Amino acid sequence: MIIEHVVQGFVDIIQLHNLLFLLIGTVLGLIVGGLPGLSSPMAMIVLLPITYSMNTLSAMVMLMGIYMSTKLGGSFTAILIRIPGTPAGACSMLDGYPMTLNGRGSEALGYSTIAAVCGGILGWCVAIVLVPVIGSIAKQTTNADIALIAVAGLILVATMMPGSTFKSWIGALIGLFFGTVGLDPVTAVSRYTLGSFNLMAGIPFMTALIGLFGYTVILGDVDKLDSGIQPIRKGTSIKLPGILAIIKQRMSIAIGSAFGIFVGMVPGVGATTSTWIAYGFAKKRSKTPERYGTGIPEGVVVSETAATSDIGGALIPMLTLGIPGDGSTAVLLGALILHNIQPGVMLVSTEPELVYGILASALLAVFFMFIVARLSIRYFVFLFSQRRAIIYPFILVLISIGAFASSNTAFSIYLAIFFGVIGFFLESRGYSVIPIVLGIILGPIIEQNSRLALSLSQGDWSTFVSGWPEVTMVVLICILIANEMRIGLKRRNERLRHTAEK
Amino acid sequence: MLNDKLKDVALELLIFLFSLAALVKIVIHVSNVPTNSLVNFATFPIIITTLMVILMIIKLTGTFSSISRLRSKSQTSTNDERDDRSTLELGNVLHSKGLIYIRTFGTVVFCAAYAFLLSKVNFFALTFVFLIIMLLLYGIKGLVKIPILSVGGALGVYFIFVIFLKLPL
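Each value, and the rule that gives it
- Residues numbered from 1 in each chain as written.
- Chains lettered and ligands numbered in written order.
- Predicted model: local features only at pLDDT ≥ 70, side-chain atom pairs only at ≥ 80, totals over all residues.
- Heavy atoms only, no water.
- Helix = DSSP H or I, 4+ residues; strand = E, 2+ residues; numbered from the N terminus.
- Buried < 20%, exposed > 50% of the residue type's maximum accessible area, 1.4 Å probe, protein only.
- Contact = heavy atoms within 4.5 Å.
- Areas by Shrake-Rupley, 256 points an atom, 1.4 Å probe, with all protein chains shown as cover.
- Disulfide = S-S within 2.5 Å.
- Phe/Tyr/Trp six-rings, centres within 6.5 Å; stacked < 30°, edge-to-face > 60°.
- pLDDT = per-residue confidence, 0-100.
- Buried area = accessible area lost by both parts, 1.4 Å probe.
- Salt bridge = Lys/Arg side-chain N within 4 Å of Asp/Glu carboxyl O.
- Nonpolar A, V, L, I, M, F, W, Y, C, P; charged D, E, K, R; others polar.
- Expected span 1.5 Å × (residues − 1).
- Polar contact = N/O pair within 3.5 Å; in protein donor to acceptor, adjacent residues only side chain to side chain.

A word on the overall build of chain B. Counting secondary structure elements, chain B contains five helices and zero strands. Taken over 169 residues, chain B has a buried fraction of 33%. Within chain B, contacts between residues separated by at least 24 positions form 60% of all contacts whose residues are at least 6 apart in sequence. Here chain B has roughly 10,300 Å² of accessible surface; of this, 70% comes from carbon and sulfur atoms.

Okay, here's the thing in structure tokens:
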């Protein structure tokens with residue numbers, strides 16, 4: 001049955017129009033990934049309005065093309081000009097850029113490309129095995145389970161975010177708050193609509209996404225518009241390593257993909273963390289750790305493998321539980337909602353063609369990424385050299401119209417700008433916008449399922465601890481909160497002791 | 001460092017006041033709307049806003065104590081630690097900071113203006129002018145370069161959104 005779905009997924013994808021969309025997505029992803037300041041979520045958001053008129057699978061195929069290839073694009077600029085296009089590319093820079101300085105830039109690009117392909121394939125293999133398994137378990141969940149999974153997912157994301165966990169929790173609460181704006185889904189009483197008709201339907205998720213991933217990024221980068229770009233050497237190409245050289249990198253590929261997949265499965269952690277953990281582990285277990293950072297292929301391979309295998313890992317909670325692993329999967333979820341597909345625990349059973357189609361596109365995207373990168377590197381190099389000051393006005397137009405297209409009113413643009421300004425101020429003081437986005441997505445899910453669970457149990461709160469899955473979730477939530485409180489108190493006591501000693 | 005903490009306090013105070021206002025609003029709202037159920041339309045917002053208020057109080061307390069620690073540190077610092085930047089350097093810093101503020105504020109204002117005029121002015125012309133303004137605001141120079149980029153961009157966007165997607169622009 002599952003094999004039939006997998007095969008059907010590939011059959012659905014291997015159609016001319018879907019392959020064309022995948023190609024477009026891959027090209028755009030490589031470009032956007034390579035341009036510093038532009039992220040995968042932003043590229044996906046910019047293209048989202050274009051997907052309105054497509055069928056759901058075609059839209060997801062194009063977005064998957066972007067998602068997969070931004071990682072490699074980000075590494076290209078990291079390797080060539082020491083400016084990572086994406087945060088995950090920063091790790092590839094450690095060994096990739098020294099290789100460029102040593103005249104081995106083309107070789108570094110080659111190792112990066114092959115590592116990305118290996119990571120993408122391995123991530124896909126794990127995803128294709130685990131998605132049906134977790135999906136069938138998830139099918140038996142109750143409303144209480146769904147609410148608890150969403151709460152646990154949100155707390156996990158906030159806890160795992162780099163930086164201050166406390167600020168991430170506040171961000172998550174801000175997102176949950178914005179999720180309550182609009183008419184109450186059960187009683188239709190208006191909440192926080194400020195008398196506005198436009199807010200009665202709630203805050204459109206896409207509008208918030210465009211604001212937080214689009215306007216926020218541009219406003220935050222205004223101080224970098226004048227930064228110069230180093231020219232890239234002419235004639236840059238990708239020199240692929242031979243089979244023996246790839247086999248020699250097998251341990252780096254294994255380490256990178258293991259960390260990428262399993263860290264990617266943890267919501268909120270993202271590729272950036274998985275690349276650094278994988279790199280650190282590879283360096284630690286190496287017999288010659290001092291060589292890392294001097295320009296060795298192992299350093300490039302382990303980080304690039306982790307970055308792309310992370311995608312396979314992140315797709316697992318997204319498709320089976322409706323919990324996005326990172327900003328890009330949050331946009332993918334938004335795209336599903338836009339096309340009237342409700343993500344969550346039932347997605348695998350209610351829309352198997354779509355789920356396996358998305359997984360099939362993830363694998364095909366790997367090969368498209370390889371082919372496009374190999375053939376077009378010199379054109380990308382030209383684009384990577386452009387200043388942000390030229391690119392950002394066009395991005396502003398695209399995201400403004402994207403916001404407009406969600407409701408055909410200018411109000412959506414104002415709302416997106418509002419979220420952009422909020423996100424800008426919050427990010428400037430160290431708050432990440434990802435927990436806010438997740439709060440907006442998961443808030444309505446948590447509320448509706450909790451109220452349904454209580455309604456079905458006639459107000460009995462013990463429905464949230466009625467079985468071992470529920471108890472496990474509650475215990476996990478308590479452990480996460482207690483652990484963070486313990487770490488916070490420990491840091492505070494150390495700080496006070498340090499101050500007293502001074 | 002002290003300046004950073006003061007900015008933190010300002011933002012945290014804003015979030016605290018916002019959360020408090022939202023909590024008060026929903027509590028008043030639920031008292032005005034008759035409801036039999038203990039779990040109703042206001043339960044979730046009340047839980048969220050209460051948690052926000054509590055967390056912000058904790059955060060503000062922490063930030064205020066950091067500020068008082070920093071203040072006592074700066075009072076005991078020696079004269080050698082005084083900032084000796086020249087007036088010219090300070091002037092340069094202020095100028096670049098001013099430019100950043102203008103660009104940031106300008107981005108918000110012009111985007112809002114773009115949204116406002118979308119239904120009132122021809123889309124192609126508006127996008128063309130918007131691109132010119134933004135390119136100039138972001139420091140791009142060139143009497144030929146700017147119009148060419150703007151026309152190209154406006155044409156591309158017009159084709160994608162009006163011709164291809166048939167948006168009512």
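Continuing now.
This next bit is on the state of the cysteines. All names here are of chain A. With the rule as written, the count across this model stands at zero disulfides over all chains. In this structure Cys118 is not part of a disulfide, and its nearest cysteine sulfur, from Cys125, lies 11 Å away. Under the relative-accessibility criterion, Cys125 is labelled partly exposed at 32%.

Residue and element names in this part refer to chain A. If you walk through the whole model with that rule in mind, you get 14 aromatic pairs over all chains. With centroids separated by 6.0 Å and ring planes inclined at 65°, the aromatic side chains of Phe10 and Trp124 adopt a geometry described as edge-to-face. With Phe10 in helix α1 (residues 2-13) and Trp124 in helix α6 (residues 105-138), this residue pair connects regions lying 114 residues apart in the sequence. Overall, Trp124 belongs to the buried group, its relative accessible area being 14%. Residues Phe259 and Phe281 carry aromatic rings whose centres are separated by 5.1 Å and whose planes lie at 55° to one another, so their mutual orientation is tilted.

Turning our attention to the confidence of the model for chain B. All names here are of chain B. Across chain B, pLDDT averages 84, with 86% of residues at or above 70. Within chain B, no element has a lower average pLDDT than helix α3 (residues 87-117), which sits at 83, and none a higher one than helix α4 (residues 123-137), at 94. In this model, residues 78-84 is a region of pLDDT below 50 whose contacts with residues beyond four sequence positions or in other chains number zero contacts. Taken together, the chains of this predicted complex give a pTM of 0.79 and an interface ipTM of 0.88.

What follows is about the interface of chain A and chain B. Taken together, the contacts link 58 residues of chain A with 60 residues of chain B. Counting the surface lost from both chain A and chain B, the interface buries some 5,100 Å², and carbon and sulfur atoms represent 81% of this. The tally of links between chain A and chain B comes to two salt bridges. Here Arg429 of chain A and Asp4 of chain B are joined by a salt bridge, their closest N and O atoms 3.8 Å apart. For the side of chain A that touches chain B, the secondary-structure elements that each account for two or more residues are α8 (165-179), β2 (190-191), α9 (205-221), α17 (388-407), α18 (410-428), α19 (434-456) and α20 (468-501) of chain A. Here the element with the most residues in the side of chain A that touches chain B is α17 of chain A; it accounts for 12 residues. Broken down by class, the residue content of the side of chain A that touches chain B amounts to 39 nonpolar, eight polar and 11 charged.

Tallied over the entire structure, the rule returns eight salt bridges over all chains. With its nearest N and O atoms 2.4 Å apart, the salt bridge here joins Arg451 of chain A to Asp184 of chain A. Of this pair, Arg451 of chain A sits in helix α19 while Asp184 of chain A is found in the loop between β1 (182-183) and β2, placing the two residues 267 residues apart along the sequence. An identical accessibility class is assigned to Arg451 of chain A and Asp184 of chain A; each is buried. Note that Lys59 of chain B and Glu12 of chain B form a salt bridge whose closest N and O atoms lie 3.7 Å from each other. With Lys59 of chain B in helix α2 (residues 43-75) and Glu12 of chain B in helix α1 (residues 2-32), the pair connects residues that are 47 residues apart, well separated along the chain. Of the two residues examined, Lys59 of chain B and Glu12 of chain B, each falls in the buried class. In this structure, a network of salt bridges that share partners links the residues Asp184, Arg191, Glu447 and Arg451 of chain A.

Close inspection of predicted coordinates is inappropriate in any region flagged by low pLDDT. Taken over all residues, the pLDDT of chain A has a mean of 84, while the share at 70 or more is 95%. Considering each helix and strand of chain A separately, the mean pLDDT is smallest for helix α3 (residues 40-47) of chain A, with a value of 78, and largest for α18 of chain A, with 93.

In a regular helix each residue adds 1.5 Å, so 15 residues correspond to 21 Å; α8 of chain A covers 21 Å between its end C-alpha atoms and thus fits that length. Two or three places before Phe166 of chain A, at the opening of α8 of chain A, Ser164 of chain A has a side-chain oxygen 3.4 Å from that residue's backbone nitrogen.

Another aspect to go through is the side chain of Ser92 of chain A. All names here are of chain A. Along the polypeptide, Ser92 turns up in helix α5 (residues 89-101). On the basis of relative accessible area, Ser92 is assigned to the buried category, the value being 1%. When near neighbours in sequence (up to four residues on either side) are disregarded, Ser92 contacts Ser75, Ile79, Tyr97, Val300, Ser303 and Glu304.

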